[in-house]
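Remarks on the overall topology
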Amino acid sequence: MTKTLLALGAAAVALTATPALADRGHHNGWNHHSRACAKWRHGQCVRWSKAARRAMWNQGYHFGRNYSYTSYRALPRTYVRRYDLSPRYRYVYRDNYIYQVDPTTYAVTRVIDALTR
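Per chain, residue numbering runs from 1 following the sequence as it is written. A pLDDT threshold of at least 70 governs which residues receive local features in this predicted model, and a stricter bar of 80 or more applies before side-chain atom pairs are shown or counted, although totals over entire chains, interfaces and linings include all residues. Heavy atoms from the whole structure form the basis of all side-chain values; hydrogens and water molecules are not counted.

In this section: the environment of Val108. Only DSSP runs of H or I reaching four residues or more are called helices, and only runs of E reaching two or more are called strands; each is numbered from the N terminus. Mapped onto the elements, Val108 comes out in strand β5 (residues 108–113). Partly exposed describes any residue whose relative accessible area lies between the buried limit of under 20% and the exposed limit of over 50%, with all areas from a 1.4 Å probe on protein chains only and scaled to the type maximum. With relative accessibility at 3%, the residue Val108 sits in the buried group. Between the alpha carbons of Val108 and Val92 there is a distance of 9.3 Å; along the sequence they are 16 residues apart. By definition in these notes, contact holds between two residues if any of their heavy atoms fall within 4.5 Å. Dropping the residues within four chain positions of it, Val108 is found in contact with Asn58, Gln59, Gly60, Tyr61, Phe63, Tyr99, Gln100 and Val101.

Right, let's talk about the environment of Arg54 for a bit. For Arg54, the location among the structural elements is in the loop between α2 (46–52) and α3 (77–82). A residue is classified by how much of its surface remains accessible, and Arg54, at 70% relative accessible area, is exposed. Between the C-alpha atoms of Arg54 and Tyr97, which are 43 residues apart in sequence, the distance is 9.0 Å.

Our next topic: the packing of aromatic side chains. When the centres of two rings from Phe, Tyr and Trp lie within 6.5 Å, Trp using its six-membered ring, the rings pair. Their planes under 30 degrees apart give stacked, over 60 give edge-to-face, and anything left gives tilted. As enumerated under the stated definition, the model contains 13 aromatic pairs in all. Measuring from ring centre to ring centre gives 6.4 Å for Trp57 and Tyr67, while their planes differ by 85°; the resulting arrangement is edge-to-face. Of this pair, Trp57 sits in the loop between α2 and α3 while Tyr67 sits in the loop between α2 and α3; the two residues are 10 residues apart in sequence, bridging distant segments of the chain. When its relative accessible area of 13% is taken as the criterion, Trp57 is described as buried. Within the aromatic cluster, the residues linked to one another by ring pairs are Trp57, Tyr61, Phe63, Tyr67, Tyr69, Tyr97 and Tyr99. Lysine NZ or arginine CZ positioned within 6 Å of the ring centre and within 35 degrees of the ring normal marks a charge as sitting over the ring. Here Arg77 stacks its cationic end above the ring of Tyr72, 5.2 Å away from the centre of that ring.

So yeah, pure geometry; function would need other evidence.
Following this line, the structure appears as structure tokens:
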């Protein structure tokens, strides 16, 4: 009886020890988008990243007075020149989006996708 229970326990462990994380639904490092990409931009495949990327906040969103804004000096100089950014505004720089915020109303006046423009 004891040997039968041990055998059944070992069989149960052997059957459940299959590589369950190897299927496509789990995020364990296996990426089904990793096949060759025709167009790369800033280290990301454009074909896959365009559909997945979206701005977190839209124009008109109010950040408020106490939000921790990104300093104008901390913004990448290439973006400052390319998008004609001014120190008169406040900025939020997150996930390669630049949100220009009016310093009087604290509302987003401009959303810049720094990867695609």
